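# Secondary and tertiary structure notes
Chain by chain, the residues run as shown.
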Amino acid sequence: MRKLRNHEVIGLSVQEILQEFNERASEFGITEDNLVSVSVTPPRHAIKILDGDKAKDAKVQVTFIYWSDR
């Protein structure tokens, strides 16, 4: 039975997150046909992300909602 699942990613930019997601979507078993929604919001919590050798504040949270057989 398929289940509705979500995957949240926090990062510095939407473009960066989407690029990595597109490269790694198959690892999560997500295909374009199973993708229901993508939303972008500010992070719920203050989080530092290492960018090179500097820690920066996360700017965005991207939530992917999709159907999964897992």
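Residues numbered from 1 in each chain as written. Predicted model: local features only at pLDDT ≥ 70, side-chain atom pairs only at ≥ 80, totals over all residues. Heavy atoms only, no water.

### Thoughts on the nonpolar core
Test applied: Among the buried residues, those of types Ala, Val, Leu, Ile, Met, Phe, Trp, Tyr and Cys that are joined through side-chain atoms within 4.5 Å form a nonpolar core. The buried label applies to any residue whose accessible area, calculated with a 1.4 Å probe on protein chains only, is under 20% of its type's maximum; exposed applies above 50%, and partly exposed to all values in between. Helix and strand definitions follow DSSP, with helices as H or I runs of at least four residues and strands as E runs of at least two, each counted in order from the N terminus. Here a residue-residue contact requires only that any non-hydrogen atoms of the pair lie within 4.5 Å.
Counting 8 residues, the largest nonpolar core is built from Ile-17, Phe-21, Ala-25, Ile-30, Val-60, Val-62, Phe-64 and Tyr-66. If you list the elements that add at least two residues to this core, you get α1 (14–24) and β5 (60–68). Examining the composition of this core, we find that 4 residues originate from one element, β5, more than from any other. The contact partners of Val-60, leaving out residues within four places of it in the chain, are Val-9, Ile-10, Gly-11, Leu-12, Ser-13, Val-14, Ile-17, Val-40, Thr-41 and Pro-43.

### With respect to the sheet that holds strand β1 (residues 3–11)
Here is the rule: Paired strands, in this sense, are two strands between which DSSP finds at least two bridges. Axes here mean lines fitted to C-alpha atoms, for a helix over just the part in contact, with angles spanning 0 to 180 degrees between N-to-C directions.
Spatially, β1-β5-β2 is the arrangement adopted by the 3 strands of the open sheet, whose pairing is antiparallel. Edge strands, defined here as strands with exactly one partner in the open sheet, are β1 and β2 (35–41). Between one strand axis and the next, the sheet turns through 15° on average, direction left out of account. As defined by bridge partners, β2 adjoins β5 across 6 bridges and the pair is classed as antiparallel.

### Details of the environment of Leu-18
Checked against the element boundaries, Leu-18 lands in helix α1. Judged by relative accessible area, which is 30%, Leu-18 ranks as partly exposed. Residues Leu-18 and Lys-56 lie 38 residues apart in sequence; the distance between their C-alpha atoms is 19 Å.

### So, a nonpolar patch on the surface
Going by this rule: Only residues whose relative accessible area exceeds 30% and that take part in no salt bridge are eligible for patches, with like-charged residues grouped when within 9 Å of each other and nonpolar side chains (Val, Leu, Ile, Met, Phe, Trp, Tyr) grouped when within 5 Å. All accessibility values rest on the Shrake-Rupley procedure with a 1.4 Å probe; residue burial counts only the protein chains present in the view. One speaks of a salt bridge when a side-chain nitrogen belonging to Lys or Arg is within 4 Å of a carboxyl oxygen belonging to Asp or Glu.
On the surface, a nonpolar cluster with roughly 280 Å² of combined accessible area is contributed by Leu-4, Val-36 and Trp-67. By the secondary structure assignment, Val-36 is in strand β2.

### Describing the packing of aromatic side chains
The cut-off we apply is this: Side-chain rings of Phe, Tyr and Trp, where Trp is taken by its six-membered ring, are said to pair if the distance between their centres is within 6.5 Å; with planes under 30 degrees apart they count as stacked, over 60 as edge-to-face, and otherwise as tilted.
The full count for this structure, using the stated rule, is 1 aromatic pair. Relative to Phe-64, the ring of Phe-21 lies with its centre 3.7 Å away and its plane at 10°, an arrangement referred to as stacked. Of this pair, Phe-21 sits in helix α1 while Phe-64 sits in strand β5, and the two are 43 residues apart along the sequence. Per residue, the accessibility class of Phe-21 equals that of Phe-64, and both read buried.

The quantities given are spatial measurements derived from coordinates; they are silent on function.
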